[in-house]
Amino acid sequence: MKIAFVNIGGSMFTFHNGIAALSAYIKHHSEHEVALIDMIGHPRPLKFQHQVEIIQPDVIAFTAMTIYWPNVRALATRAKQMSSAKTIVGGYHPTFAPEECISHPAMDVICRGEGEEALLAFLNALERGEDYTRIPNLWVKKDGNLYKNDIRPLIANMDELPFWDRDLFNYGSWYDAMPTSLSDLDRPERTVTLAASRGCYYDCTYCSNEPLKAMYGGKTFVRTRSVDHIIKEMKMLKARYNPDLFEFQEELFVAHLDWLEEFADKYKREIGLPFNISYREELARTKNMELLAKAGCNSIAFGVECGSEEYRKKYLTRRMSNRKIEEAFDRTHELGMKALSFNIIGMPFETYDLIQETIQLNRRLQADYLQWFIYQPYPGTILYNICKENDLLLPGYTSSYISLRPGIKLTHITREEFQQCMEDFMALQREQQGYDWLDIAAQSNETLVNVRYATEEERYDIMDLYNQTFQRDHGINRWEWFRRNPEGAEKTPSPSPTGRTSSEPR
Ligand code: SF4
C-alpha cells in the first residue's frame, strides 16, 4: 500500500509531529510506502492534484484540527474527482465532530483518538483485501453502510513508539529557516522539537484535552517516555541536526519529581543544550523548578488565559489563584529562566473589565514574551457546549489562529470596547517586549518567505495569501498599514524575495 499524508497545517508550521509519529509507526511495523503532500502556506488544489498524480497513492490521509477542516474537505473532494484512493481523516476535528466528518461525501473513513494502531490495521486490511469495517477507532463508509467502531485503549508504553519520522519532511534542510512556534522570536534559529509525553492531567474547558481524556476514561491518559528513551533520541537529533536548542512540544511537560531528577542529571551531562517547555503554574513548585533550571531549561510557557480568578474558576476550570501565577513567574525568573505568558480574550460573557484584569495581571507578571489570542470554540470542549447552549456560536469555523475577529458572538462587551482591549494589550506588548501581536503575525508569515525549498512562484503565493488574510482580518491593505505605522515596519525588516524590505509596497 502507498499512503500519502497531506500536511495542511496552516501558514506557520511545516513540520507536523502527528504525521511524523504516524509515518514512523507505519514504517516501523510494515512495508507500506509513505509519502508526503506538503500544502503548507500554499493550499492550492492544482498543486495538490499534481502531487497526487505523481505519487499515485492508495490512501490519502488528512489530519484536521477544527480550523483546517474546511481545507481538508476541499482537498478530499478534489482527491475523489481525480483518484480512486481511499480518503481518511484523523485528528481533533473528526474525533469530536465525527458525524460531520464522515457524512462528507469525499471522506471514506475517519479515525477518532490516537491513530497509530488504527491506521496500520486499516492499511494492512486494505492490502490483504480483508474487511476493514470493524477496526477500533475507525468510522467507515462502505457500500452504502456506515460502521461506527469503539475506541481502542491508548498505547500505554511510550518507549515502544519509534522516533518521529523527520526524513519525511526533509527535516534539517529548512528547520533553521523558520520558527516552529511563535513562542520566542528571539530564540536561536536551530531549534529541534520533540515530546516527552502525551496527555494532560487538567480539565480546561476550552481545550480538547479535556474531552479526549474523558473519552479514554481518564486514568491512563498521561503517558511519559522514560528518560533513557528521550536521551537516546536527543543524542541522535543532536548529531544529525546540530541544534542550538530543543523544544518540548507537549502542552504540559513532565511533573513527576523522580522523573525530573533523573532527567536533570542525565540531560545536563549527556545533552547539555538549552530547552523550552510548557507548564502549569501549580506545577511550578520550588523543587520542580530547581530541577528544570539545573537541567538547563531556557524558557517556560504558561497559560495565564484570564486575569480574573472568579472567571477562570467558573468558566475555564482553572482554579489557581493570581498569587500562584505571580509566584510561578517570579520563581522562573529567579532561577534564570524565561517566562512566557499566553492569554485568551473574547471568551463567553467576558466584559471590558474582565479583559482589563487580564492586561493588568500581565503587567505585573513582566513576561519575557507576551501573547494573546482571540477565543475560538472547538467542538467537543465544555466551553463550546456553553457557547452552543447560549446561542453564541457563529456560522462556520475560523480558518486561522492569527485572526483579530471575535470567534463567538460577544454579548457583554461592545465592538468598540473589544477593539480598545486589543489595542491596550498590544500597547503592553510593545512596552514590555518591543513588538506586538501584529508584528508577531507579520514575522511568522514573512519567515515563510525565507523557506529554502520554496520556488520563487511559491514565495509570491505565500505573500499573496498572507496579504489577503491581512486585508480580511484587519480591513486594511497590509502595505497601507505599514505606511501608517512606520514603527511597525521598522520592526519587521525581513527581506522580501525581491530583496526589497517588507515595508516597501509591491
Ligand atoms: S493545562 Fe493546557 S493542555 Fe491541559 S487541559 Fe489545560 S489548556 Fe489543555
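For the structure, check the block above.
Residues numbered from 1 in each chain as written. Predicted model: local features only at pLDDT ≥ 70, side-chain atom pairs only at ≥ 80, totals over all residues. Heavy atoms only, no water.

A. Summary view of the site of the ligand. The environment of the ligand is made up of Cys200, Tyr202, Cys204, Tyr206, Cys207, Asn209, Glu251, Arg280 and Arg318. Taken together, the residues of the shell around the ligand break down into five nonpolar, one polar and three charged. (Near = heavy atom within 4 Å. Nonpolar A, V, L, I, M, F, W, Y, C, P; charged D, E, K, R; others polar.)

B. Quick peek at the pairing of strand β11 (residues 245-248). Here β11 shows two buried faces, one formed by Leu245 and Glu247 and the other by Phe246 and Phe248. Bridge count between strand β8 (residues 191-194) and β11: four bridges; the pairing is parallel. Within the sheet, the bridge partner assigned to Leu194 lies in β11 and is Phe248. The sheet contact formed by β11 and strand β12 (residues 275-279) spans two bridges and is parallel. Each residue of the ladder has a partner; that of Phe246, found in β12, is Phe275. Between β11 and its parallel partner β12, the chain crosses via helix α9 (residues 257-270), and the hand of that crossover is right-handed. (Buried < 20%, exposed > 50% of the residue type's maximum accessible area, 1.4 Å probe, protein only. Helix = DSSP H or I, 4+ residues; strand = E, 2+ residues; numbered from the N terminus. Pairing = 2+ DSSP bridges. Right-handed = clockwise from strand over helix to strand, strands pointing away.)

C. Expanded view of the packing of helix α12 (residues 322-334) against helix α13 (residues 352-365). Two elements in contact, α12 and α13, have axes whose closest approach is 10 Å; the angle formed by their N-to-C orientations is 30°. Relative to α13, the element α12 is oriented roughly parallel. Like other packed secondary-structure pairs, α12 and α13 cross with a definite hand, here right-handed. In this structure, α12 uses Asn322, Ile325, Glu326, Phe329 and His333 to contact α13, whose residues at the interface are Leu361, Arg364 and Leu365. Residue composition of the contact of α12 with α13, by class: four nonpolar, two polar and two charged. (Axes fitted to C-alpha atoms, helices over the stretch in contact; angles between N-to-C directions. Parallel < 35°, antiparallel > 145°, perpendicular 65-115°, else oblique. Left-handed = near helix turned anticlockwise from the far one by under 90°. Contact = heavy atoms within 4.5 Å.)

D. Seen up close, the sheet that holds strand β6 (residues 138-142). Here we have seven strands laid out as an open sheet, ordered β2-β1-β3-β4-β5-β6-β7, and mixed in their pairing. At either end of the open sheet lies a strand with only one pairing partner, and these are β2 (33-38) and β7 (145-148). Across the sheet, the mean angle from the axis of one strand to that of its neighbour is 20°, orientation sign disregarded. As defined by bridge partners, strand β1 (residues 2-7) adjoins β2 across six bridges and the pair is classed as parallel. Residue pairing across strands places Phe5 opposite Leu36, the latter belonging to β2. Packed onto the sheet, helix α1 (residues 17-29) meets β1, β2 and β3 (59-63) and runs at close to 170° relative to β1. Most of the contacts of helix α2 (residues 45-55) go to β2, to which it runs at about 160°, and overall it touches β1, β2 and β3.

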